[in-house]
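# Chains, contacts and geometry: an overview
Chain residues, written in single-letter form:
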Amino acid sequence: MRYQQSREDMAAQVKEQADIVKIIGECVSLKKSGARFLGLCPFHGEKTPSFTVHPAQQFFHCFGCGESGDVFNFMMKYYHLDFLSALKELARRYQIVLPERPRSAEDEKRAKRHRLLYDVNRKAADIYRKYLLEAPGAEAARGYLDSRGVIPEIQEKFHLGYAPSTETMGWEFLGRQLSSEEKQLAEELGLLVRKEGKGGTYDRFRDRILFPIFDISGQILGFGGRILGEGQPKYMNSPESPIFSKSRSLLGLYQQKDILRQMRRAVLVEGNFDLISLVQRGCRNVVAPLGTALTREQVRLLKRYVTEATLLFDGDAAGTKAAVRAVPHFFAEQMTGRVALLPEGHDPDTFVRQEGLPALQKLFDKAESLPEFVLAQLIQEHGLSLDGKTRIIEGIQPLIEAASSPLQRSLIISHFSEKIGIPAQQMEKLIGRGSGQQEVQPHEKVKPRDGYIAPLASAQRQLVSFMLFYPQYFDSLSKSGLRECLAGSVGEVLFLQMQALLSGRSEVEPEELLSALPEGAERNLVADLLLKATERSGGNALSATPEEELADLLEWLKRFQLQQASENLQQQIATIVTVGDGVELQRLVMEKHEIDRQIQGLSG
């Protein structure tokens, strides 16, 4: 607990000393405009500045894409860091010494073992790289790369190597160059394979061009190998290990991350040589999955750098099927996806070599939205007969189920239902039955919290604003029914978040609430209120004091609660009239009369 408190204190100190205008100004050209600074947003392409930095409130906000936060949020978003890494980097810049987190013996042991595994992968990559460059036995590999037009600069950029054939260097080319401890680690990494029954090991990769797979910091996680001669499989990856998961890695991401961040768009290809061929010929924002279907984890990883991706696949049935399988992942991650299919007989490598980069760019310009592409494929396959529409709905069901929010689900259903000529409500029922979801009966009332967020009325917005800027009065507002007043709105979420932040504390800065919120309506509202803080601080001799404003708000809340009680009693009275209970009816009428009298008193 003491460490945690110390770390929080250090974070507050770092934030206080960090100049958010200077930090962001290193990445964005900012111009002063009144109390704020304006510039072009670094997180989405724009021509008119909508990105604002507020030194007084120490936060930024973009009106174009909605990104907002404090200096930590900016560092995390722009440089793709976690919070701890952002904290360390800012502390280093401002010469602030952070307390070290005590690590358990188990943590230390695991971290040490991971470092050793990375070291063995690096050593293996260097061995294979040197062999490709210098060994007489790699002449065929060098000739193969030349025949595919892979220039030395690209070979070096991707640190390509060659694992020799058994005829040239035997079964233990790599194993012979490792110590006994390194051999154990190499076996754990899958570089070496244990012989069944005989003991000893042999090399996994033989007669293959090797592509080291890097993480984003430059550590080598594993390898992908393309066979040089005949044989299967054509491509082989390192097996899963404590440091490598192919479903969470992308070939080329380490080398291309800067250009991806600048362009905010990515091209996804299926083959390793497709990737380096496109990069060599000027299409630099390209990455590749590792010989498997694109996964949601890979889309999520890519989303840290780009806002949209184009799948460049072969125009055959396999390419179409791969594109269709990718759509749910893009929906789930709320990322824009497009698909560009190559002419028959081409893969990305042959196309860009024969037709050139301008022809490739034309394909990208004509790339079709992934959802529209899938729907077109389903219509082409099944037709628009009654039976065909049923099969189309079955085909798009995984897309709808992948929706990341009720709103997105409704929009998808509405869009697709219009395209195939089926009422949205009917499609909703069919999808609901197919997915095992229960239908909501007409007489059932859907609670506001079940996915629907009601907009704030002006009085509710005033309450949220006051809660944000004067958290010292939070308890008074809470006891007076603030949450009940905000129920079902975006304000209720903010109430709960503020309540959590104030647990065990007396004060919370508005920026802390902003930093604690995920992307969405709640965060956008807080950012908007913070923007208007400069107007509040502008000064007005006739403006009310916080205490006077609190008194007005508490009175409004009391009136709100009384009105709610009056409405509830009216409903009870309407029910009791049908029953004919005169005594209970008289009691309810008198109670409502008293409440209405109190409302009149407040109004006066």
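Below, the structure is looked at part by part. Model, not experiment: these values are computed from the prediction. (Residues numbered from 1 in each chain as written. Predicted model: local features only at pLDDT ≥ 70, side-chain atom pairs only at ≥ 80, totals over all residues. Heavy atoms only, no water.)

### Quick notes on the overall build of the chain
- Helix and strand counts for the chain come out as 28 helices and 16 strands.
- Intrachain contacts of the chain at a sequence separation of at least 6 include 63% that bridge at least 24 residues.
- When the accessible area of the chain is evaluated, it comes to approximately 31800 Å², of which 50% is carbon and sulfur surface. (Helix = DSSP H or I, 4+ residues; strand = E, 2+ residues; numbered from the N terminus. Contact = heavy atoms within 4.5 Å. Areas by Shrake-Rupley, 256 points an atom, 1.4 Å probe, with all protein chains shown as cover.)

### Concerning the environment of Gly-69
- With respect to the helices and strands, the residue Gly-69 is situated in strand 5 (residues 68-69).
- Given the relative accessible area of 0%, Gly-69 is considered buried.
- Taking the C-alpha atoms as reference, Gly-69 lies 10.0 Å from Val-526; in sequence the two are 457 residues apart. (Buried < 20%, exposed > 50% of the residue type's maximum accessible area, 1.4 Å probe, protein only.)

### Quick look at helix 13 (residues 317-332)
- Along its length, helix 13 reaches its greatest deviation from straightness, about 25 degrees, at Ala-326, and the proline Pro-328 lies no more than four positions downstream.
- Turning to helix 13, its buried residues number three or more, namely Gly-319, Thr-320, Ala-322, Ala-323, Ala-326, Val-327, Pro-328, Phe-330, Phe-331 and Ala-332.
- Of the residues trailing helix 13, Gln-334 is marked for its positive phi of about 50 degrees. (Bend = angle between axes of the 7 residues up to and from the residue.)

### A look at the packing of helix 20 (residues 458-469) against helix 25 (residues 521-531)
- Interhelical geometry of helix 20 versus helix 25 gives an angle of 75 degrees and a closest axis separation of 11 Å. Judged on the interaxial angle alone, helix 25 and helix 20 are roughly perpendicular. Seen from helix 20, the contacting residues are Arg-461, Val-464, Ser-465, Leu-468 and Phe-469; seen from helix 25, they are Leu-525, Val-526, Asp-528, Leu-529 and Leu-530.
- A per-class count over the contact of helix 20 with helix 25 returns seven nonpolar, one polar and two charged. (Axes fitted to C-alpha atoms, helices over the stretch in contact; angles between N-to-C directions. Parallel < 35°, antiparallel > 145°, perpendicular 65-115°, else oblique. Nonpolar A, V, L, I, M, F, W, Y, C, P; charged D, E, K, R; others polar.)

### With respect to the environment of Leu-384
- Within the secondary structure, Leu-384 is located in the loop between helix 16 (370-382) and helix 17 (386-401).
- The class of Leu-384 is partly exposed, set by a relative accessible area of 47%.
- With near-sequence residues (within four places) excluded, Leu-384 lies in contact with Ile-379, Lys-389, Ile-392 and Ile-420.

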